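Chains, contacts and geometry: an overview
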Amino acid sequence: MKKFSSFVALALLCTMFTACSNLKINRPAAEPSGTTAEKTSGDASGSKKNDGANIEELEKAMEIEKYNAYVGLNNFMTGRLDQVLTDYFDKFGDEEQPVIDKNFSFTMLSISSGDAKALETQFGFADKAPAFPAIDPVVVRLKPAMNDLTAILSEAREYYKTKGYVDDHFAKAKEMHPKIVKAADAYYAVADEYLKAMAGMGAERKKESLKKFQENDEQIRYGALKFLVDAQALSAEMEEQGITAKNILDLDMEKFRAKYDPLVDDLKNLTQHAQDEKRLKKEKIESYTLNSYIEEAQKVKVAASDIIERVNKKRKVDEFDLKNRFFTENQDGTPEKFEKMLREAIQKYNRLK
């Protein structure tokens, strides 16, 4: 069964743009807020300039809102939905008929009602301004494929939760399995296209963000984002080498260290800047959310260090632990655990204020 890459998208921070947090998205773009006319003392040209600035800021805020909605969709696909699918196919296989063990036991992961509600909102941005020509058409095609998949997965979840297989001797399990395989295949075909488009757009936006943070002397925000950019580069290096927990000892350590060393420097610099109270006030960052993010970043660094230790000591991952991603994600010194820690760090970054 198809496996996704480890790409997880980053939301855009509202603080990149002046006055962004004060904008009211529901206000018509042509209607300026408050006392613009009063401040300009009847100066029509000044009023037009302020109106133009308000419109530009509102349009930028709308763009950020839409992009962040697509980020949420991206991260659900590479996160919870991928976990549900991986867990299911690890148990039953991806052939036409399910593999059912003699001593069957299975607790199927669920897709929450909150996730379902978020998906509805995220898909709703496809026909909203501004247009994202490379992504909007893909989202339109992705929606029915994902709806079909989540519907059958939810049905299966209820069946296994209530142990319906005890009543019908797995009759419905055998009926649902080929439907799940078919729905997953249809979903993966469109999902790949979406994730690649998001990766391309995300790379450009991260580059722009880093540049803007430097120009504005926002060293904390710059350091927080650069750490994630370099962590994703390290993840991509392992993916390019085809390294998983199963073949971890085949890792090309020279190439790995070339991507690992910048990560160490990033964390060191970020930690130093985070201790500067004046800089925290200047960049208007809440120390609580920053410290929470740094704690997750430290776990990412440790997960990478554990990989080096495992390879240097030539410790293979036990065969038993290779049977399920839950085990590989919780084993020190595996790419799977590194990716798990990276996903959690990105979630913390996306809440950074």
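That block above? That's the structure.
Small disclaimer: the values here were computed from a predicted structure and weren't measured.

Below, the discussion takes up the side chain of K340. Note that K340 resides in helix α12 (residues 335–349). This buried residue, K340, is left without a salt bridge; E344 holds the nearest opposite charge, at 4.6 Å. Not counting residues up to four positions away in its chain, the partners in contact with K340 are E329 and N330.

L142, M146, Y160, Y187 and Y194 are the most contacted members of the largest nonpolar core, which totals 50 residues. Elements supplying a minimum of two residues to this core: α2 (44–92), α3 (113–123), α4 (136–161) and α6 (171–215). Per-element tally for this core: the top contributor is α6, with 15 residues. What L142 contacts, discounting residues up to four positions off in sequence, is L73, M77, F123, Y187, V190, A191 and Y194. In this structure, A231, F256, I294 and V300 belong to the second largest nonpolar core, which totals 42 residues.

Moving on: the pattern of salt bridges. Under the counting rule described, the total for this entry stands at 18 salt bridges. Among the ionic pairs, R279 bridges to D217, the shortest N-O distance being 3.3 Å. On the criterion of sequence distance, the pair formed by R279 in helix α9 (residues 277–283) and D217 in the loop between α6 and α7 (219–241) is long-range, its members being 62 residues apart. With a relative accessible area of 14%, R279 lands in the buried category. Between D217 and K282 there is a salt bridge, with the nearest N and O atoms lying 2.6 Å from each other. Placement of the pair is D217 in the loop between α6 and α7 and K282 in helix α9, with a sequence separation of 65 residues. For D217, a relative accessible area of 28% translates into the label partly exposed.

This paragraph deals with the packing of aromatic side chains. Enumeration over the complete set of coordinates arrives at 20 aromatic pairs. Both rings, one in Y160 and one in Y165, keep their centres 6.1 Å apart while their planes meet at 35°; by these two values the pair is tilted. A relative accessible area of 9% means that Y165 is categorised as buried. Each member of the aromatic cluster is reached from another via a ring pair, and the members are Y88, F89, F92, F104, F106, Y159, Y160, Y165 and F170. Its end group placed over the ring of Y67, R205 keeps NZ or CZ at 4.5 Å from the ring centre.

Helix length check: α6, at 45 residues, gives a terminal C-alpha distance of 63 Å against a target of 66 Å (1.5 Å per residue), a fit within 8%. Y188 marks where α6 bends most, by close to 25°. Downstream of α6 by a residue or two, D217 has a phi angle that is positive, lying close to 55°.

Cut-offs used in this document
Residues numbered from 1 in each chain as written. Predicted model: local features only at pLDDT ≥ 70, side-chain atom pairs only at ≥ 80, totals over all residues. Heavy atoms only, no water. Helix = DSSP H or I, 4+ residues; strand = E, 2+ residues; numbered from the N terminus. Buried < 20%, exposed > 50% of the residue type's maximum accessible area, 1.4 Å probe, protein only. Lys, Arg positive; Asp, Glu negative; His and termini not counted. Salt bridge = Lys/Arg side-chain N within 4 Å of Asp/Glu carboxyl O. Contact = heavy atoms within 4.5 Å. Core = buried A, V, L, I, M, F, W, Y, C linked by side-chain atoms within 4.5 Å. Phe/Tyr/Trp six-rings, centres within 6.5 Å; stacked < 30°, edge-to-face > 60°. Lys NZ or Arg CZ within 6 Å of the ring centre and 35° of its normal. Expected span 1.5 Å × (residues − 1). Bend = angle between axes of the 7 residues up to and from the residue.

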